[in-house]
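# Structural characterization, general
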Amino acid sequence: MSDKATDDIGMGKFISLILRHKPETVDISLNEHGWADVSELIAGIRKSGRYIDIAMLERIVAENNKQRYSFNDDCTKIRANQGHSIPVDIELPAANPPDVLYHGTATRFLDSIREKGILRQNRQYVHLSSDIKTALDVGKRHGKAVVLPINAKKMAEDGYVFYLSVNRVWLCGDIAWKYVKENEIINQGK
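One structure accompanies this document, and this report is about it. (Residues numbered from 1 in each chain as written. Predicted model: local features only at pLDDT ≥ 70, side-chain atom pairs only at ≥ 80, totals over all residues. Heavy atoms only, no water.)

### Section: helix α3 (residues 54-63)
Just so we agree on the cut-off: Exposed residues in this analysis have more than 50% of their type's maximum accessible area, buried residues have under 20%, and partly exposed residues fall in between, with area computed by a 1.4 Å probe over protein chains only. Helix and strand labels come from DSSP, where a helix needs a run of H or I of at least four residues and a strand needs a run of E of at least two; each type is numbered from the N terminus. Each direction from the helix axis to a C-beta atom contributes to the arc, which is the arc of those directions. We call two N or O atoms a polar contact when they sit within 3.5 Å, provided that within protein one can donate a hydrogen and the other can accept it, with sequence-adjacent residues counted only if both atoms are side-chain atoms.
Met56, Leu57, Ile60 and Val61 are the residues of α3 that are buried. Projected down its long axis, α3 carries its buried residues within an arc of 135°, all on one side. Exposed side chains of α3 directed beyond 90 degrees from the buried face belong to Ala62 and Glu63. A distance of 3.2 Å separates the backbone nitrogen of Ala55 from a side-chain oxygen at the start of α3, and that oxygen is part of Asp53.

Here it is, written out as structure tokens:
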């Protein structure tokens, strides 16, 4: 991997921390919809002792494999597309989910999930994917992966509201275990 790519990945993670969790890290604030002023973000990152310029920021937004960030129409503001632990309204319209969505986690969390359900934890929403591979990749980040198929159709019928983020992540509130399709769990940890 080139130094530029390595630098972009590290900076992308730092930007994720700022725009999703801790804008105060670089002494900026987000508006109620999660937008940060691009000039203030760049200045704040530079004050923290890291190098960034507008070209690097544009490259990170365009090339991030998870499409975590978006610019507004005139590229003066930037925000994370989802995954916030701080209260923001990223203005997502409600969306009708497919019949089944997938949640990737680690096998070590299964007992807790069976007991309490899939919880948002410190995020605003539970994150779901429309494909098994993405859910499996998410689960692997936490240990031995397990993919939980979720009966999204039944959840929607029961009044759950779903949102689809700009980067195609499905979002919803806490999920009770009864919506997990137990007979279809994909357990990579066995």
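### Notes on unusual backbone geometry
One non-glycine residue, Asp27, adopts positive backbone phi at about 60°. Looking at the secondary structure, you find Asp27 in the loop between α1 (3-20) and β1 (36-37). One non-glycine residue with positive phi stands out, namely Arg168, at about 70°.

### Overview of the side chain of Asp8
Topologically, Asp8 is positioned in helix α1. Residue classification places Asp8 among the buried positions, given a relative accessible area of 10%. At 2.6 Å, the side chain of Asp8 forms a polar contact with the side chain of Arg59.

### Side note on the sheet that holds strand β3 (residues 77-80)
The line we're drawing: Two strands are said to pair when DSSP picks up at least two bridges between them. Working rule for contacts: check all heavy atoms of both residues, and any pair within 4.5 Å makes them a contact. Helix axes are fitted only over the stretch in contact, all axes being lines through C-alpha atoms; the angle between N-to-C directions runs from 0 to 180 degrees.
One open sheet accounts for 3 strands, arranged β1-β3-β2; its pairing is antiparallel. The open sheet has two edge strands, β1 and β2 (69-71), and neither has a second partner. As paired elements, β2 and β3 share 3 bridges and run antiparallel to each other. Directly across from Phe71, in β3, lies its bridge partner Ile78. Along the sheet, α3 contacts β2 and β3; its crossing angle with β2, the most-contacted strand, is approximately 120°.

### Describing the layout of surface pockets
Rules: A pocket, in this scheme, is an open set of points on a 1 Å grid over the protein atoms alone with protein on both sides within 12 Å along at least 5 of 7 lines, while a cavity is a set where a 1.4 Å probe fits but cannot get out; residues line either one if an atom lies within 4 Å of a point. Grid points are joined across faces, edges and corners, and a volume is the space filled by probe spheres set on the points. For this classification, the nonpolar set comprises Ala, Val, Leu, Ile, Met, Phe, Trp, Tyr, Cys and Pro, the charged set comprises Asp, Glu, Lys and Arg, and every other residue, Gly included, is treated as polar.
Space inside the largest pocket adds up to approximately 1000 Å³. What lines the largest pocket is a set of 37 residues, among which Gly104, Arg123, His127, Val138 and Arg141 lie closest to the centre. Elements with a contribution of two residues or more to the lining of the largest pocket: α1, β4 (100-106), α4 (110-116), β5 (126-128) and α5 (132-140). The class makeup of the residues in the lining of the largest pocket is 11 nonpolar, 16 polar and 10 charged.

### Things to note about the pairing of strand β6 (residues 145-151)
Burial analysis of β6 places 6 of its 7 residues in the buried class, which makes it a mostly covered element. Sheet topology note: the β4/β6 ladder contains 7 bridges and is antiparallel. Across the sheet, residue Thr105 finds its bridge partner in β6, namely Val146. Two elements, β6 and strand β9 (residues 186-187), share 2 bridges in a ladder whose sense is antiparallel. Along β9, the bridge assignment pairs Val147 with Ile186.

### Structural notes on the sheet that holds strand β8 (residues 170-172)
Read from one edge of the open sheet, 3 strands run β5-β8-β7, paired in antiparallel fashion. The two strands at the open ends of the sheet, each matched to only one other strand, are β5 and β7 (163-164). One ladder, built from 3 bridges, connects β5 with β8; its direction is antiparallel. Bridge assignment links Val126 to a residue of β8, and that residue is Cys172.

### Remarks on the pattern of salt bridges
Put simply, the test is: Salt bridge, as used here, is a side-chain nitrogen of Lys or Arg placed within 4 Å of a carboxyl oxygen of Asp or Glu.
Evaluation of the coordinates by the stated rule reveals 7 salt bridges. In this structure, Lys154 engages Asp158 in a salt bridge whose closest nitrogen and oxygen atoms are separated by 3.1 Å. The partly exposed category is assigned to Asp158, whose relative accessible area is 37%.

### Some details on the nonpolar core
Counted only if it meets this: In this description, a nonpolar core means a group of buried Ala, Val, Leu, Ile, Met, Phe, Trp, Tyr and Cys residues linked to one another through side-chain atoms lying within 4.5 Å.
Ile15, Leu19, Ile45, Leu57 and Ile78 are the most contacted members of the largest nonpolar core, which totals 28 residues. Counting only elements with at least two residues in this core, the list comes to α1, α2 (38-47), α3, β2 and β3. Apart from the residues lying within four places of it in its own chain, the contact partners of Leu57 are Ile15, Val38, Leu41, Ile42, Ile52, Phe71 and Ile78. By size, the runner-up hydrophobic cluster in this structure holds 19 residues, among which are Leu110, Ile113, Trp170 and Val180.

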